[in-house]
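Letter by letter, the chains look like this.
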Amino acid sequence: KYSGASFKAPEKRVILSTTPLLDSVLLKARALMHNILSDFDEEEFFDSCRHGPGTTVGVKFDDTSLEAKFTLPISITARVAPMMDRYMLHDFQCAAAVKDFNRDNPLTDMYSIVKGSRATPVEKNDEIRRMIAVEPTGNMFFQQGLMVMMYKRMKLFGLDVENLPDEHKVRARISSITSKEATIDWSSASDCLSRDLLRWLMPPKWFWYADLIRSETMEINGAQVKLNMFSTMGNAVTFPLETLVFFVLGHALLSHRSGSRSWFLEWDHDYKAISVFGDDCIVPTDMAEDYITVLNQVGFLINREKSFYRDMDAGFRESCGGDYLHGYDVRP
């Protein structure tokens, strides 16, 4: 019998805002987030779980195969180990395969319990190295599953991550001619994704699972550091969470500006009016200042060098790697 952590509704929390505008936006954003994610089904979650292509704690960079990630012991945090036990009962074929992979393995321990992720630097550009987290193998397995579930629901609202980069480039090019839409970028967006904001926005069960499978600490140069951000770059859930937060806050603001008194967006609401891919946001230019103000108030910092929405920016827009001046691609 599964005796590990079980779902408990998080304690009620109140987001203390500073303005009536933010009050309205947060309530509408919460309603939209609940509408997008809807109910959480654990069987669907388990069916969606998988290993990604990257390395994990205990798995070498030169061999990230499925066999390597299921070679015992599997690195995992103590909170998540009981969930892996439950998963193996759910997927008996996987359990049999793991047993077969390890038939010559003298180790008897199923898990290598770790405290959390491990920091490693990767190249961002020719001047900067970005720090990302190498997640425990078991945690990443479940993080990938939650990511798949989120992408499936996001697609119904126009957030098709496979096609969004190309869509953003087209919209950026058109807006470099018309100036009707602003392209906005954020500094260290994943670092600013707070636990309390997500607890407020997400359905309780979704938040509980996302919180359970995250790494609470990160090993940096041999020392364990407690993470204040909700999830790091390296956690598969970070990107869809980031996208959803910017998306629901933007559409909630759009609804507020339209004068709608309903907490729910109208059925014929144009979900393409705002588009988000990670921290690349496209919003109507006339609401860009309000959008930045709202996001600032919940902890995000605008990247002024990569955001284009002011009069002085007329003629230029940039999104998802596309730079356009008066409709011409000027990307070096």
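Quick notes on the rules
- Residues numbered from 1 in each chain as written.
- Predicted model: local features only at pLDDT ≥ 70, side-chain atom pairs only at ≥ 80, totals over all residues.
- Heavy atoms only, no water.
- Pairing = 2+ DSSP bridges.
- Helix = DSSP H or I, 4+ residues; strand = E, 2+ residues; numbered from the N terminus.
- Axes fitted to C-alpha atoms, helices over the stretch in contact; angles between N-to-C directions.
- Expected span 1.5 Å × (residues − 1).
- Buried < 20%, exposed > 50% of the residue type's maximum accessible area, 1.4 Å probe, protein only.
- Arc of directions from axis to C-beta.
- Contact = heavy atoms within 4.5 Å.
- Core = buried A, V, L, I, M, F, W, Y, C linked by side-chain atoms within 4.5 Å.
- Phe/Tyr/Trp six-rings, centres within 6.5 Å; stacked < 30°, edge-to-face > 60°.
- Parallel < 35°, antiparallel > 145°, perpendicular 65-115°, else oblique.
- Left-handed = near helix turned anticlockwise from the far one by under 90°.
- Nonpolar A, V, L, I, M, F, W, Y, C, P; charged D, E, K, R; others polar.

Visitor: Got a minute to help me understand the sheet that holds strand S3 (residues 117-123) in this structure?
Guide: Strand pairing in a sheet takes place through backbone hydrogen bonds and is either antiparallel or parallel in direction. Pairing in this open sheet of 4 strands is mixed, and the strands run S4-S3-S7-S8 from one edge to the other. The strands lining the two open edges of the sheet, one partner per strand, are strand S4 (129-134) and strand S8 (223-226). This sheet shows a mean twist of 40° between the axes of neighbouring strands, independent of strand direction. Relative to S8, strand S7 (residues 217-220) runs antiparallel, the two being bridged by 4 bridges. Considered in S8, the bridge of glutamate 219 is made with glutamine 224.

Visitor: Could you clarify how one ought to interpret helix H7 (residues 164-178) in this entry?
Guide: For H7, spanning 15 residues, the distance from its first C-alpha to its last is 20 Å, which sits close to the expected 21 Å at 1.5 Å a residue. Within H7 the residues assigned to the buried category are Leu164, His168, Arg171, Ala172, Ser175 and Ser176. Seen from one end, H7 has its buried residues packed into an arc of 140°, which puts them on one side. Turned more than 90 degrees off the buried face of H7, the exposed positions are Asp166 and Ile177. Buried residues along H7 sit against strand S5 (181-184), strand S9 (275-277), strand S10 (280-284), strand S12 (316-319) and strand S13 (322-325). Just downstream of H7 lies serine 179, where phi reads positive at about 60°.

Visitor: I keep staring at helix H11 (residues 288-297) and nothing clicks. Help me out?
Guide: Turning to H11, its buried residues number three or more, namely Ala288, Tyr291, Ile292, Val294 and Leu295. Each buried residue of H11 sits inside an arc of 165° when the element is viewed along its axis, so together they form one side. For H11, the secondary structure elements touched by its buried residues are helix H1 (20-37), S5, strand S6 (186-187), helix H10 (238-257), S10 and strand S11 (301-302). Immediately beyond the C-terminal end of H11, within one or two residues, lies glycine 299, with a positive phi of roughly 105°.

Visitor: Please clarify how the nonpolar core should be interpreted in this entry.
Guide: Nonpolar side chains in soluble globular proteins generally cluster together in the buried interior. Grouped together as the largest cluster of nonpolar side chains are 88 residues, with contacts concentrated most on Phe45, Phe142, Ile184, Trp186, Tyr291 and Phe300. Residue contributions to this core peak at 10 residues, all from H10. Excluding residues that lie within four positions of it along the chain, phenylalanine 300 makes contacts with Trp186, Ala189, Cys192, Leu193, Leu197, Val245, Phe246 and Leu295.

Visitor: What is the right way to read the packing of aromatic side chains from this model?
Guide: Aromatic ring pairs are defined here through the distance separating the ring centres and the angle between the ring planes. If you walk through the whole model with that rule in mind, you get 21 aromatic pairs. With a centroid separation of 6.3 Å and an interplanar angle of 45°, the aromatic rings of phenylalanine 46 and phenylalanine 142 are classed as tilted. Here phenylalanine 46 is found in helix H2 (residues 42-48), whereas its partner phenylalanine 142 is found in helix H6 (residues 137-155), with 96 residues between them in sequence. With a relative accessible area of 4%, phenylalanine 46 lands in the buried category. Among the residues examined, phenylalanine 142 registers a relative accessible area of 0% and is labelled buried. Three or more aromatic residues joined by ring pairs form one cluster here, namely Phe40, Phe45, Phe46, Phe70, Tyr87, Phe141, Phe142, Trp206, Trp208 and Tyr209.

Visitor: I tried to follow the packing of H6 against H10 on my own but got confused; where do I start?
Guide: How two helices pack is summed up by the angle between their axes together with the distance between the axes. Direction vectors running N to C along H6 and H10 enclose 30°, while the axes themselves pass 9 Å from each other. The orientation of H6 relative to H10 falls into the category roughly parallel. Relative to H10, the crossing made by H6 is left-handed. Listed contacts from H10 to Met147, Met150, Tyr151 and Met154 of H6 are Phe239, Pro240, Leu241, Thr243 and Leu244. Class assignment of the residues belonging to the contact of H6 with H10 gives a composition of 8 nonpolar, 1 polar and no charged.

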